[in-house]
Amino acid sequence: MNQKYFRLLSILAIVGSWLMLCSFTLPADTIKSTGFKFKTVVVDAGHGGKDGGAKGSFSTEKNVALAIAKKLQTAIQTQLPDLNVVMTRTDDTFIELNKRSAIANQNQGNLFVSIHCNSSPEGTAARANKKSGVMLLVYGMHRLSEQLEAVRENASIFIEKDYKENYQSYDASDPANVIILNTFTQKYRKQSIQFGDLLNNEFKFTDNRESIGVKEQGVFVLAHSAMPAVLVETGFINNPDEEEYLNSDEGQSQIVQSIIRAIQAYRGSFAAQ
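Residues numbered from 1 in each chain as written. Predicted model: local features only at pLDDT ≥ 70, side-chain atom pairs only at ≥ 80, totals over all residues. Heavy atoms only, no water.

> Describe the overall build of the chain, listing the residues and the values that go with them.
Along the chain, the regular secondary structure elements total eleven helices and six strands. With 273 residues in all, the chain has 50% of them scored as buried. Put simply, 82% of the contacts in the chain that link residues at least 6 apart link residues at least 24 apart. Carbon together with sulfur atoms contributes 51% to the accessible area of the chain, which is approximately 12,800 Å² in total. (Helix = DSSP H or I, 4+ residues; strand = E, 2+ residues; numbered from the N terminus. Buried < 20%, exposed > 50% of the residue type's maximum accessible area, 1.4 Å probe, protein only. Contact = heavy atoms within 4.5 Å. Areas by Shrake-Rupley, 256 points an atom, 1.4 Å probe, with all protein chains shown as cover.)

> Describe the packing of helix α10 (residues 240-247) against helix α11 (residues 249-271), with residues and values.
At a minimum axis separation of 4 Å, α10 and α11 run at an interaxial angle of 75°. Classified by the angle their axes make, α10 and α11 are roughly perpendicular. On the side of α10, the interface is formed by Y245, L246 and N247, while α11 contributes D249, G251, Q252, Q254 and I255. Residue composition of the contact of α10 with α11, by class: three nonpolar, four polar and one charged. (Axes fitted to C-alpha atoms, helices over the stretch in contact; angles between N-to-C directions. Parallel < 35°, antiparallel > 145°, perpendicular 65-115°, else oblique. Nonpolar A, V, L, I, M, F, W, Y, C, P; charged D, E, K, R; others polar.)

> Describe the sheet that holds strand β5 (residues 211-217), with residues and values.
The sheet built from six strands is open, its strands ordered β2-β1-β3-β6-β4-β5 with mixed pairing. One side of each edge strand has no neighbouring strand; the edge strands of this open sheet are β2 (84-87) and β5. In this sheet, neighbouring strand axes are inclined to one another by 20° on average, regardless of whether the strands run parallel or antiparallel. Pairing of strand β1 (residues 40-45) with strand β3 (residues 111-118) involves five bridges; the strand directions are parallel. The residue of β3 that forms the bridge with V43 is V113. (Pairing = 2+ DSSP bridges.)

> Explain the pattern of salt bridges to me, and be specific about the residues and the numbers.
Overall, the coordinates contain nine salt bridges when judged by the stated rule. With its nearest N and O atoms 3.6 Å apart, the salt bridge here joins K71 to D249. Placement of the pair is K71 in helix α3 (residues 61-79) and D249 in helix α11, with a sequence separation of 178 residues. Residue classification places D249 among the exposed residues on the basis of a relative accessible area of 52%. R209 is the salt-bridge partner of E242, the closest N and O atoms lying 3.5 Å from each other. In this pair, E242 is assigned in helix α10 and R209 in the loop between α8 (175-206) and β5, connecting sequence segments 33 residues apart. Each member of the pair, E242 as well as R209, is classed as buried. One network of salt bridges, with partners in common, ties together E202, D207 and R261. (Salt bridge = Lys/Arg side-chain N within 4 Å of Asp/Glu carboxyl O.)

> A description of the packing of α3 against α11 should follow, citing residues and the corresponding values.
Put simply, α3 and α11 touch, their axes get as near as 9 Å, and they point 50° apart. The angle between α3 and α11 falls in the class oblique. For the pair α3 and α11, the crossing hand works out as right-handed. Between α3 and α11, the contacting residues are A67, I68, K71, L72, A75, I76 and Q79 on the first element and D249, Q252, S253, I255, V256, Q257, I259, I260 and I263 on the second. (Left-handed = near helix turned anticlockwise from the far one by under 90°.)

This is how it looks when you write it as structure tokens:
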């Protein structure tokens, strides 16, 4: 057998080990033995600064998203003190999309949660049956190649601490290396959908809110985050009832607690099986 074949077998062994690390079907002691720790949540308040986002009759998406994101930061620090929380912005600052995903990647996030508000085409005009409800977005299949690049750029973070020493001859065109990167990308997609489903259940069945469900969409900031990532459309800001809810302390706190419960359930899935 030639050298390339032996190299492919070695790479497949590495992929197999990584799949063992991330598998949701392994016993807790096996997961613990791999050293994997769910420890960092990246919270992204959508829009900001010159980018106001969607508009309601008296509020803007950027301000609502920031208020919810800051409440989420405080809730994580208080209720889940063993987790690190990283904010992409903490004030009314415009942060470019690529910088948001770069912040997440550089901080080695285990989960990326982007907070937004939805809006329907009719704007704030009064009409019957205004759109309402939450919606959870994960990156679509057509953008997997972009996340593949994000994973490629951050491979040293996710594979092993001495990755650079072990893989100095890394070649992106090598089919063996493509196997590794595709494995990561597919795993992150699966985990994104899992977290989206958990959060959707919290909104629907705990808070009794309407939900549009978990949807695929070509969102740049999700596709370029090298980790599981979900964008939370917290409600329709151009719907008067939902705008009131989104701007109220009660509504924001309810949204935050739904996210906290989903994070707890998501994290628990690594160790409970």
